[in-house]
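# Observations on the model geometry
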Amino acid sequence: MKQTVNVLTVSGGKDSTAMWICAVKELGIEVLPVFCDTGNEHHITYQYINYLEKELGPVKRIKPDFTERIAKKAEYVRKHWPKKLQQDVPGCWMPTFELDSEEAEMPTSEPPDPSKSYRGVYGWEWVPGRKGMTPEEAEAATQRAIDHLKPTGNPFLDLCIWKSRFPSTKVRFCTQYLKAYPIFDEVYAPLLEQGYHVVSWQGVRAAESPARAKLQEREMTPEGYEIYRPLLQWSARDVFAMHKKHGIEPNPLYLQGMGRVGCMPCINVNKDELFEISRRFPEEIERIAEWERIVSAASKLQNSSFLPALASDDKKNIYDWVEWSKTAHGGKQYDLIKAIEFDNVPVCSSQYGLCE
Ligand code: SF4
């Protein structure tokens, strides 16, 4: 009989924290909590993980490193871009591969067949055609990219520098490269090799989305570890009740208007969340604007927006999207109530009634 290791993925959010409390305090199970540091978390979340560690036990922190991949990309850019950038490029479907290779640079002129699955491909995006650059322009763009293809030590930013773009809702490579692959490589794979039965506890709830409602409580993965979702039938109220029962504070971000805790902001941020982040944490918006400048400089078209899924002609960067977050339904006119609220941030506000 194989010995079991229960690995808990913790994010500092309410659900994974409740799962951790439940495992340790209610069930008395020995667990291995793992926190994947994306580099795009709010500093309050880092402090909160430290607090949880004191209350519930040690946490293994994982921080992916893209130094080697960025160096390889810089080599490729130096060698190929001066010529490539001079060529006219027709519009094409661009696949995004899971493998670390310049294959992601190889477009296909045919739209992908959605009925087929393509090994290693996450998604497809239509990239409009463009005219080739002059030799001088190509040389300048290549040099600018090389100057910015340098690791910063921040996993999220380095991933985007390497890819020369931000992830999007369709091509969501952030979750894989910042969480799924690192946790598999650093935790699951070594445990499986040592002969353990690995159970990955995941704090997802059916009420969160129709897709999550279809998930099973337990399933085996092709890689050989088991997934266990103990909170599947829990409500948000149950989750906070578990915190309260055992005297564990929720992440303070829930008392500062945040509906979810994770990347700040997430690429899936909605209008109200962006509004809330921009009025409470303007420094996070400034950080993203600086990231847009760096990633743009490392990209062929010198243009990359953090919210490409929302991209449109009149919204080029995060500041444009913050302005949009202040508008009423339809996105054309400023919302007068939001204009008043922007400068009057309440000390405590919670979407879950935690301030009452
Ligand atoms: S999907 Fe959102 S929360 Fe997840 S890694 Fe990407 S940006 Fe972060």
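What counts, and at which threshold
- Residues numbered from 1 in each chain as written.
- Predicted model: local features only at pLDDT ≥ 70, side-chain atom pairs only at ≥ 80, totals over all residues.
- Heavy atoms only, no water.
- Core = buried A, V, L, I, M, F, W, Y, C linked by side-chain atoms within 4.5 Å.
- Buried < 20%, exposed > 50% of the residue type's maximum accessible area, 1.4 Å probe, protein only.
- Contact = heavy atoms within 4.5 Å.
- Helix = DSSP H or I, 4+ residues; strand = E, 2+ residues; numbered from the N terminus.
- Pairing = 2+ DSSP bridges.
- Right-handed = clockwise from strand over helix to strand, strands pointing away.
- Disulfide = S-S within 2.5 Å.
- Near = heavy atom within 4 Å.
- Nonpolar A, V, L, I, M, F, W, Y, C, P; charged D, E, K, R; others polar.
- Axes fitted to C-alpha atoms, helices over the stretch in contact; angles between N-to-C directions.
- Phe/Tyr/Trp six-rings, centres within 6.5 Å; stacked < 30°, edge-to-face > 60°.
- Parallel < 35°, antiparallel > 145°, perpendicular 65-115°, else oblique.
- Left-handed = near helix turned anticlockwise from the far one by under 90°.
- Salt bridge = Lys/Arg side-chain N within 4 Å of Asp/Glu carboxyl O.

### Some points on the nonpolar core
- Phe 156, Leu 159, Leu 274, Phe 306 and Ile 318 are the most contacted members of the largest nonpolar core, which totals 49 residues.
- Here Phe 156 is in contact with Thr 38, Asn 40, Phe 166, Pro 167, Cys 174, Leu 178, Cys 263, Trp 291 and Phe 306, once residues within four sequence places are set aside.
- Of all hydrophobic cores here, the second largest spans 23 residues; its members include Ile 21, Tyr 48, Val 59 and Ile 248.

### Some details on the pairing of strand β1 (residues 4–10)
- Of all seven residues making up β1, five are buried, and the element is well covered by its neighbours.
- Across five bridges, β1 lies against strand β6 (residues 197–201) in parallel orientation. Opposite Val 7, over in β6, you have Ser 200 as the bridge partner.
- Pairing between β1 and strand β2 (residues 31–36): five bridges, direction parallel. Bridge assignment links Leu 8 to a residue of β2, and that residue is Pro 33.
- With helix α1 (residues 14–26) bridging β1 and the parallel β2, this β-α-β connection has right-handed handedness.

### Looking at the state of the cysteines
- In this structure the tally under the stated criterion is one disulfide.
- Paired by a disulfide, Cys 348 and Cys 355 hold their sulfur atoms 2.0 Å apart. In this structure the cystine formed by Cys 348 and Cys 355 twists about its S-S bond by roughly -85°; its chirality is therefore left-handed.
- Judged by its relative accessible area of 38%, Cys 348 is partly exposed.

### A closer look at the site of the ligand
- The ligand sits among Phe 156, Arg 172, Cys 174, Thr 175, Lys 179, Cys 263, Cys 266 and Ile 267.
- The greatest single-element share of the shell around the ligand, amounting to three residues, is contributed by helix α6 (residues 173–193).
- Of the residues assigned to the shell around the ligand, the class counts are five nonpolar, one polar and two charged.

### A look at the sheet that holds strand β7 (residues 218–220)
- Taken in spatial order, the six strands make up an open sheet running β3-β2-β1-β6-β8-β7, and their pairing is mixed. The outermost strands of the open sheet, each flanked by one partner alone, are β3 (60–62) and β7. Taking each pair of neighbouring strands and ignoring which way they run, the sheet shows an average axis angle of 25°.
- Across the sheet, α6 is in contact with β1, β2, β3 and β6; its angle to β2 comes to roughly 150°.

### Re the packing of aromatic side chains
- Under the criterion given, the structure shown has 16 aromatic pairs.
- Relative to Trp 291, the ring of Phe 156 has its centre 5.7 Å away and its plane inclined at 25°; by these criteria the two rings are stacked. Linking Phe 156 in helix α5 (residues 155–163) with Trp 291 in helix α10 (residues 282–297), this pair joins segments that are 135 residues apart in sequence.
- By relative accessible area, Phe 156 is classed as buried at 2%.
- Here Trp 291 falls in the buried class, since its relative accessible area comes to 5%.
- Between the aromatic rings of Phe 166 and Phe 306, the centroid separation amounts to 5.3 Å while the plane-to-plane angle is 65°, which identifies the pairing as edge-to-face.

### Remarks on the packing of α5 against α10
- Orientation of α5 relative to α10, taken along the N-to-C sense of each, is 25°, at an axis distance of 8 Å. The angle between α5 and α10 falls in the class roughly parallel. Along this stretch, α5 crosses α10, giving a crossing that reads as right-handed. Together, Phe 156, Leu 157, Cys 160 and Ile 161 of α5 and Trp 291, Ile 294 and Val 295 of α10 make up the contact between the two elements.

### Re the pattern of salt bridges
- This structure, assessed with the given rule, holds 14 salt bridges.
- Note that Arg 280 and Glu 276 form a salt bridge whose closest N and O atoms lie 2.7 Å from each other. Here Arg 280 and its partner Glu 276 are both found in helix α9 (residues 271–280), four residues apart, which amounts to about one turn of the helix.
- For Arg 280, a relative accessible area of 13% translates into the label buried.
- With relative accessibility at 12%, the residue Glu 276 sits in the buried group.
- With its nearest N and O atoms 3.0 Å apart, the salt bridge here joins Lys 326 to Glu 323.

### A short note on the environment of Glu 139
- Within the secondary structure, Glu 139 is located in helix α4 (residues 135–148).
- Exposure remark for Glu 139: the relative accessible area of 44% places this residue in the partly exposed category.
- Glu 139 sits 57 residues away from Pro 82 along the chain, and the two C-alpha atoms are 5.5 Å apart.

### With respect to the packing of helix α3 (residues 67–84) against α5
- Across the interface, α3 lies against α5 with an axial gap of 9 Å and an inter-helix angle of 25°. By the angle between their directions, the pair α3 and α5 is classed as roughly parallel. In terms of crossing hand, the pair formed by α3 and α5 is left-handed. Contacts between α3 and α5 involve Arg 69, Ile 70 and Lys 73 from the former and Asp 158, Ile 161, Trp 162 and Lys 163 from the latter.
- A class-by-class count of the residues in the contact of α3 with α5 yields three nonpolar, no polar and four charged.

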